[in-house]
Amino acid sequence: MTPPDVDHIDPTEGRRRVDAGALLLDVRNPDEWQAGHAEGAAWIPMAELAERQEELPSDREIVVICKTGGRSAQVAKALLAAGYVAVNVAGGSEAWQAAGMPIITDDGRPGTVA
């Protein structure tokens, strides 16, 4: 059985879904996360996802984001195959920031997409 295709949503729709209760999951590397991430995002680097998958909620949608949308699309596809409800933010954190949504550092200061 082929896994379902990943839905690619724009950042505005991603924010709407997160505001409605979805989890925003950032799958970028540690240096990228530390430079700046979407406000309210959870963080599990793509390389750690298999061993940390139990940290993810199975009772709500997961909106997956990376820098430009490539890694997050792969992660969303894997999550769908594992039975989660997941979508990909097209354009990633770069598009998120371009849409005017905050990118912050761990201490809440304005961050950058690295």
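Refer to the structure printed above.
Residues numbered from 1 in each chain as written. Predicted model: local features only at pLDDT ≥ 70, side-chain atom pairs only at ≥ 80, totals over all residues. Heavy atoms only, no water.

**Things to note about the sheet that holds strand β4 (residues 42–43)**
What counts, and what does not: For two strands to pair, DSSP has to find at least two bridges joining them. Under the DSSP-based scheme used, a helix requires at least four consecutive residues in state H or I and a strand at least two consecutive residues in state E, with every element numbered from the N terminus. Residue contacts are counted whenever heavy atoms from the two residues lie within 4.5 Å of one another. Comment: axis = line fitted to C-alpha atoms, over the contacting stretch for helices; angle = value between 0 and 180 degrees taken between N-to-C directions.
In space, the five strands of this open sheet follow the order β1-β6-β5-β2-β4, with parallel pairing throughout. On the outer flanks of this sheet lie β1 (7–9) and β4, each paired with one strand and no other. Two elements, strand β5 (residues 62–65) and strand β6 (residues 86–89), share three bridges in a ladder whose sense is parallel. Looking across to β6, one finds that I62 is bridged to A86. Here helix α1 (residues 11–19) sits on the sheet in contact with β1, β2 (23–26), β5 and β6, set at roughly 100 degrees to β1. Strands in contact with helix α4 (residues 70–81) are β1, β2, β5 and β6; relative to β6, the strand with the most contacts, it is inclined by about 175 degrees.

**So, the environment of E61**
What counts, and what does not: Here a polar contact is recorded for every N or O atom pair within 3.5 Å, except that within protein the pair must consist of a potential hydrogen donor and a potential acceptor, and residues adjacent in sequence are included only if both atoms are side-chain atoms.
With respect to the secondary-structure elements, E61 resides in the loop between α3 (49–52) and β5. Along the chain, E61 and A95 lie 34 residues apart, while their C-alpha atoms are 20 Å from each other. Discounting chain neighbours no more than four positions away, the residues touching E61 are R17, A22, L23, V85 and V87. Side chain to side chain, E61 and R17 meet in a polar contact 2.8 Å long.

**Quick look at the packing of aromatic side chains**
When we look at a pair of aromatic rings, we describe it by the centre distance and by the angle of the planes. This is how the line gets drawn: Stacked, edge-to-face and tilted are the three classes for Phe, Tyr and Trp ring pairs, Trp counted by its six-membered ring, which pair at centre distances within 6.5 Å; planes under 30 degrees apart are stacked, over 60 edge-to-face, the rest tilted.
Using the criterion set out here, one finds one aromatic pair in the structure. For the ring pair W33 and W43, a centre distance of 5.2 Å and an interplane angle of 5 degrees mean the geometry is stacked. Residue W33 is located in helix α2 (residues 30–35), and its partner W43 is located in strand β4; the two are separated by ten residues in the primary sequence.

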